[in-house]
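What the coordinates show
What follows is each chain in one-letter form.
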Amino acid sequence: MSHTAHIPSHRKPRQRASKSALRAGVAGGVLSTIAVAGAAGPAQAEPVTQTIEMPTITSGFSTAVAASAQATQQVALDLETQADEDAAAEKAAKTAKKAHAEAVRKAEAKKKAEAAAKAKAEAEAKERAERASRTAERTTLSASSGSSGSSDSGSSASTPSSSSSNVSGSAASIVAFAKAQVGDAYSLGSTGPNSWDCSSLVQAAYRTAGIDLPRVSQSQSTFGTQVSLDNLQPGDILYWGSAGSAYHVAVYVGGGEFVGAQNSSTGTVQRSLDYDRPTGAVRVL
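Residues numbered from 1 in each chain as written. Predicted model: local features only at pLDDT ≥ 70, side-chain atom pairs only at ≥ 80, totals over all residues. Heavy atoms only, no water.

**A short note on the nonpolar core**
In this structure, Val-202, Tyr-206, Ile-237 and Val-251 are the most contacted members of the largest nonpolar core, which totals 22 residues. Contributions of two or more residues to this core are made by helix H3 (162–180), helix H4 (198–207), strand E4 (237–240), strand E5 (248–254) and strand E6 (257–263). Looking at which element gives the most residues to this core, the answer is H4, with 6 residues. Leu-232, Trp-240, Tyr-252 and Leu-273 belong to the second largest nonpolar core, which has 9 residues in total. (Core = buried A, V, L, I, M, F, W, Y, C linked by side-chain atoms within 4.5 Å. Buried < 20%, exposed > 50% of the residue type's maximum accessible area, 1.4 Å probe, protein only. Helix = DSSP H or I, 4+ residues; strand = E, 2+ residues; numbered from the N terminus.)

**Here we look at the sheet that holds E5**
Taken in spatial order, the 6 strands of this open sheet run E3-E8-E4-E5-E6-E7, and their pairing is antiparallel. A strand with exactly one partner marks an edge of an open sheet, and here the two such strands are strand E3 (225–227) and strand E7 (267–272). Direction aside, neighbouring strands of the sheet carry axes that sit 35° apart on average. In terms of strand pairing, E6 meets E7 through 6 bridges, oriented antiparallel. Following the sheet pairing, Asn-263 is matched in E7 by Gly-267. (Pairing = 2+ DSSP bridges. Axes fitted to C-alpha atoms, helices over the stretch in contact; angles between N-to-C directions.)

**So, a negative patch on the surface**
A surface patch of negative charge is lined by Glu-80, Asp-84, Glu-85 and Asp-86. For Glu-80, the position within the fold is in helix H2 (residues 55–156). (Patch = residues over 30% accessible without salt bridge, like charges linked within 9 Å, V, L, I, M, F, W, Y side chains within 5 Å. Areas by Shrake-Rupley, 256 points an atom, 1.4 Å probe, with all protein chains shown as cover. Salt bridge = Lys/Arg side-chain N within 4 Å of Asp/Glu carboxyl O. Lys, Arg positive; Asp, Glu negative; His and termini not counted. Charge placed at Lys NZ, Arg CZ, Asp CG, Glu CD.)

**Topic: the packing of aromatic side chains**
Summed over all chains, the structure comprises 2 aromatic pairs. Relative to Trp-196, the ring of Phe-177 has its centre 6.1 Å away and its plane inclined at 85°; by these criteria the two rings are edge-to-face. Of this pair, Phe-177 sits in helix H3 while Trp-196 sits in strand E2 (residues 195–196), and the two are 19 residues apart along the sequence. Trp-196 matches Phe-177 in its accessibility class, with the two residues each being buried. Both rings, one in Trp-240 and one in Phe-258, keep their centres 5.5 Å apart while their planes meet at 65°; by these two values the pair is edge-to-face. Of this pair, Trp-240 sits in strand E4 while Phe-258 is found in strand E6, placing the two residues 18 residues apart along the sequence. For the pair Trp-240 and Phe-258, one class covers both residues: buried. (Phe/Tyr/Trp six-rings, centres within 6.5 Å; stacked < 30°, edge-to-face > 60°.)

**Notes on the pairing of E5**
Of all 7 residues that make up E5, 7 are buried, and the element is covered over most of its length. Strand direction decides the pairing type here: E4 and E5, joined by 4 bridges, are antiparallel. Residue pairing in the sheet places Ile-237 in a bridge with Val-251 of E5. As paired elements, E5 and E6 share 3 bridges and run antiparallel to each other. Its bridge partner being in E6, Gly-254 is matched across the sheet by Glu-257.

**Things to note about unusual backbone geometry**
Looking along the chain, the bond that leaves Gly-192 and enters Pro-193 is cis, with omega of 5°. Tracing the backbone shows Pro-193 in the loop between strand E1 (185–186) and E2.

Everything listed here is a matter of geometry and, on its own, says nothing about what the molecule does.
Here it is in structure tokens:
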């Protein structure tokens, strides 16, 4: 090979001149644009210190928000008003129902009271009528007892048998008085004329014959002569318990029966001896 032979170079080939010119032109254009923009701006720019709102958009939005809030408030107010009205209506209904029930209760109570008053008035009227009847009967008995006693006293001077006639008359008076009290009330300590205890009834019956008995049953059970229950006569005093310690007395009226003021439940009754068998008896006449 000749020493003058061409040896290829290993360096990169240079870019073409057209490409270089193009690049230079682009760069120059960019720089020119920047320069023009800088020259077009104000000489002394002031810094931005606040944000300017858009009047049209902001005003409309505020109005919409205010309208929505007002509508919500109105709905809430309407709901509250409706709730108050419902509560008031419910309370009024309950009050009316309670008032109706109270009126019905009072009407029923008044009706019962009127019925009770009517029944009481009828019972009192009936009791007054019975008392008047018994009072009239007692008056008649007392008058007949007085006349009988006078007749017996007048005949005692002429006939020796007058004492037996006197006993019979007195016994009849005692029995009649005791029977006339049947139906009267029993009350411990009462002495008539419409309420008795056992000993006050016996004492009052004997008083129609002019005989004063002791007030209490213990003394009455020993006032006369003790007699057997198999040998009783009308007018005898029956007693329950032992003689001297009797807790109850009654009048034997004949026919196996007695009259006595028993207790607050039965009052004054006429019963058979078998109803409540007495312990003993005394004869005063």
